[in-house]
Amino acid sequence: MVRIKLEHISMRFGDFYAVRDINLEINSGEYVTILGPSGCGKTSLIKVISGIWTPTEGKVYFDGLDVTKVPMEDRDVGYVFQNIALFPHMTLKENVAYSPRVKDQGEEAMESLSTEYLQLVNMLARAGMYPRELSGGEQQKVAIARALASGSKMLMLDEPLSALDARVRMELRYEIRRLVKKLGITVLHVTHDQEEAMSVSDRIVLMRYGTIAEAGSPLDIYRKPSSVFAANFIGETNLMECTVSDRSKSGKTKVKLRGGREIRTSKTNFSVGDPVVISVRPEHVYPAIDGLEAEVQSIVFMGTYWRVRTLAESRDYVEYNVPADEEVPEVGDTVHLVFNKKAVVVFARPQGGIEEEIRLE
Amino acid sequence: MSLLKRIDDLSDNRKVRSGWFVFACLVFILVIVVPSIFVVTNLFTDWELVDLVLNNEGIKDTVLSAVFNSFSIAFIVTIIDILVGLPMAWIMVRKNFHGKRWLDTLLDMPLAFPTAVLGISVVMFWISPDGISIPGLGLSLSPYMMVILLHIIFTYPYMVRSLSAILEQIDPNFETAGMTLGASRWTAVRTITLPLFRAGLATGFVLCFARSLSETGGTYIALTMMGVQTSFFTGPSFISFLKSDESLYTSDEMMGAQILISVVMIVLALVLMFVVRKFIAKFRIPYQKVWPQIGRKVSQGGLPKLKDGITIAFLIVIVLLPSFYIFMYLTEPMPQMDYGTLLTSIAISFGVAGVAVLVDIAIGVPMALYIARHKNGKLGQILDNLVNVPLIIPTTALGFSLSLFWGGFGLDSSFDLLLVIFGHISFTYPLVVRNLIGAIEEVDPSCEEIAMTLGAKPFQAFSKVLFPIINSAVIAGSILAFTRSLGETGATTSISQNVNTVPIYITHLVEDGLYTEAAMCSIVLIALCFILMFGIRVVTGRRSKRDA
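Model, not experiment: these values are computed from the prediction. (Residues numbered from 1 in each chain as written. Chains lettered and ligands numbered in written order. Predicted model: local features only at pLDDT ≥ 70, side-chain atom pairs only at ≥ 80, totals over all residues.)

**Looking at the overall build of chain A**
Secondary structure assignment for chain A yields 10 helices and 20 strands. Taken along the three principal axes of its C-alpha coordinates, chain A extends 75 × 45 × 35 Å. The 361 residues of chain A split such that 41% are buried. Taking the contacts inside chain A whose residues are at least 6 apart along the sequence as the reference set, 65% of them involve residues at least 24 apart. (Helix = DSSP H or I, 4+ residues; strand = E, 2+ residues; numbered from the N terminus. Buried ≥ 20, exposed ≤ 12 C-beta atoms within 10 Å, placed from the backbone. Contact = placed C-beta atoms within 7 Å.)

Right, dumping it as structure tokens:
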């Protein structure tokens, strides 16, 4: 059980900051995912934590101890690679026993630890095989066993599932979570898959341009994102530019879309006339008799529901869901849409415009 | 245009394609492989000549000691190359620093120097031989040591290159993974990376060993400058020595000695290659036992820096300084030069090298294509091994064998130039084909398949899709083959006494004690080489920039 603390961490390559001034605390036994578009610095961050890289500025603490200068071989951080990196010339057993071997813990420890952790990931029956004889998912399980057999209480998972098939990915992610929770291990899991992040983590750290854009529990980030970027990156949403047209003393707010249609939103602190953006997720948009007028552009069956894409009178694209067994409109039909006002989140309008704000690279 | 179109249409015909491949195979077998090892049959047809040698204790001992010198020197040189090549490969592949590109270029420079030139330069640097006005270190070295120092220079780049090529393919994450599991860097390298090196070690070993075994010009010149060319021999230098005097090489006994030495070297070299391949395929670098404390000690503090320092120092002191020492002659007054002869020999050298490389490419491409795409087929594997044969055989033996083979067809001395070109094709062919195979294997076959689904004829798919992708490998292979041909002495002397390429001309100058003239010729040759290589780099560099 280890508590990790990062203080003003920066990782600079020449003029380029892979990570810039990050402060973060991770509680002992917490499962944290670092989420973000590619190139946002998420892998750099765990490389700094595990000691593979030494940060150009800032300090790393484990349980209050400054480990910034401790080399990776003494840091006791398990690291699992995206490309798995099992040693190809060693059997699974030798792979898992590698850490006790290089720490000279003796034959007995090598035997018992490798057996224990291979058992834990259900791979003991194949202990004598070589990595190339296994499927990708099985290889990654062994790689996790190898990292855990070092006795480490921290695990860095560097996009461990992204090289695997969709189905295997799903199964393995729950298995990893079950495993580390059972062992009480602190985990940092890097991924660019927001669904993966939502489903396994205690807390999501959303990164962008080398800095932390937002952090919080999956549900909080999903329901009350604090930036347009987070609202768009995590889950799906409709974004519309508008202006605050009315706000009561209690905070009840109305905004005016382009074209003049007025919409009620959740409570805010904005003033009348402020340029804002509203975010409303498709599941909070409903067809009704009256409301925002929109023309149906396309209808796609998503497996369990229909996704209807419309062009609203405000010139915004608005998407909403229809349950699979209900009737859907046809392309070209005019529909009227209303929003669940509690689920309409309001943000100050970003200066560079919405497109710039939600750009991934 | 219409010609290209006709080729396109022809290439659609299966028979034409197989015909072309069969033709390339036939040329390869009949012009390259068979003549290279033909001398082995002389062991039976001319047994009485060989018998003369075996009955003459004096000559027999000389021959045997020459062969022993060759093999033991090649072995020692290769081992040293591995020991200093490994850390250098690490520096080249895993480290980033300012001036890395310079180091990269410097590493290859000795390859652009004809070995005859290196011979002069290296002896000048280490000892102060008679007749040389430029002061050297003045060490008194045995001929054996001297030849080792010389051979390290032109084998070292091969070793570093082959080790780097393998290291580049080994995922650095393996080492990192090992270290996050608690291994020190030394332990991680020893237990993970080194055991994954086997294939690269085998290639590097065979390349360096063969190169050292075959080298003639530089060795002979170095021995001549030390004044021991008539008492200390390596296999190739012995043949060179015989060729220096017509009364020697035409005598029956010496003919027998040449056959014996050639056959012994060819057979030993081939057996050795086979054994090394088998041995290294079976050999496992042990990774079971670890010494964490020792590993930790050598991974920390100043030791890694010291190791890198020694590696760089070795490169500078043993490889670069002795190679470039010949430029000291630029400080001397210009000697009276026979420019006519020099220019003729340069023209011959460039002509031979140019023709050889063009033929290599023409018959090498279909061969490389076949081998790369049929790696697992039986014929593919056989050809793959056969291609290496001319590379393994000492070029002096190869040249001697070639002259016996074609001499049997009645090609007398008026065909010497043609035979020399044949000889140069033989030992440069593997360099071009190896490079091509490597490059083609990297290209996904679906690239060509896609081109053909879009309507390209097979030749169009090759010329418009595959060739532009492997272009740089073709150029790299050609440069390697060209410089190798330019610097070759052994094959040329043993084929003919009349074809005066530059290295031969330089050798003659050295034999006559005209060191200054020899040095000047060398400098001119090196300058031409660099202008050529630089020109090619500029042209190809511009192209790659445009592509990017």
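Okay, back to it.
**Focus: the sheet that holds strand S16 (residues 292-301) of chain A**
Residues and elements named next belong to chain A. Reading across from one edge, S15-S19-S16-S17-S18 is the order of the 5 strands in this open sheet, with antiparallel pairing throughout. This sheet does not close on itself; its edge strands, each paired only once, are strand S15 (285-288) and strand S18 (317-323). Within this sheet the neighbouring strands show an average axis-to-axis angle of 50 degrees, counted without direction. Direction of pairing for strand S17 (residues 305-312) relative to S18: antiparallel, over a ladder of 7 bridges. Note that in S18 the partner of Trp306 across the bridge is Val322. (Pairing = 2+ DSSP bridges. Axes fitted to C-alpha atoms, helices over the stretch in contact; angles between N-to-C directions.)

**Brief notes about the packing of helix H21 (residues 416-442) of chain B against helix H23 (residues 458-487) of chain B**
All names here are of chain B. At their nearest, the axes of H21 and H23 sit 9 Å apart, and the two run at 160 degrees to each other. Here H21 is positioned roughly antiparallel relative to H23, judged by the angle of their axes. As H21 packs across H23, the resulting crossing turns out to be right-handed. Residues His424, Thr428, Leu431, Val432, Asn435, Leu436, Gly438, Ala439 and Ile440 of H21 touch H23, and the partners they reach there are Ile470, Ala473, Val474, Ala476, Gly477, Ser478, Leu480, Ala481, Arg484 and Ser485. (Parallel < 35°, antiparallel > 145°, perpendicular 65-115°, else oblique. Left-handed = near helix turned anticlockwise from the far one by under 90°.)

**Things to note about the interface of chain A and chain B**
With 21 residues of chain A at the contact, the number on the chain B side is 18 residues. The set of elements that each furnish at least two residues to the side of chain A that touches chain B consists of strand S6 (78-80) and helix H3 (98-102) of chain A.

**A look at the environment of Thr243(A)**
Residue and element names in this part refer to chain A. Along the chain, Thr243 turns up in strand S11 (residues 238-247). Overall, Thr243 belongs to the partly exposed group, with 15 C-beta atoms counted inside 10 Å. Separated by 150 residues in the primary sequence, Thr243 and Lys93 place their C-alpha atoms 63 Å from one another. If we ignore the near neighbours within four places in the chain, the residues touching Thr243 are Val255, Lys256, Gly273, Asp274, Pro275 and Val276.

**Structural notes on unusual backbone geometry**
What you tend to see is this: most non-glycine residues have negative phi, and most peptide bonds are trans. Residues and elements named next belong to chain A. The phi dihedral of Ile84 is positive, around 70 degrees, even though this residue is not glycine. Inspection of the secondary structure puts Ile84 in the loop between S6 and helix H2 (92-96). Backbone geometry places Asn122, a non-glycine residue, at a positive phi of 60 degrees. Note on placement: Asn122 falls in the loop between helix H4 (106-120) and helix H5 (136-148). With 12 C-beta atoms counted inside 10 Å, the residue Asn122 sits in the exposed group.

**Considerations on the nonpolar core**
Counting residues in each nonpolar core, the largest one holds 148 residues, and the members touching the most others are Ile120(B) and Leu436(B). Ignoring sequence-local partners within four residues, the contact set of Ile120(B) consists of Ile221(B), Met225(B), Ile326(B), Val510(B), Ala518(B), Ala519(B) and Ser522(B). (Core = buried A, V, L, I, M, F, W, Y, C linked by C-beta atoms within 7 Å.)

Everything listed is a geometric property; what it means functionally is a separate question.
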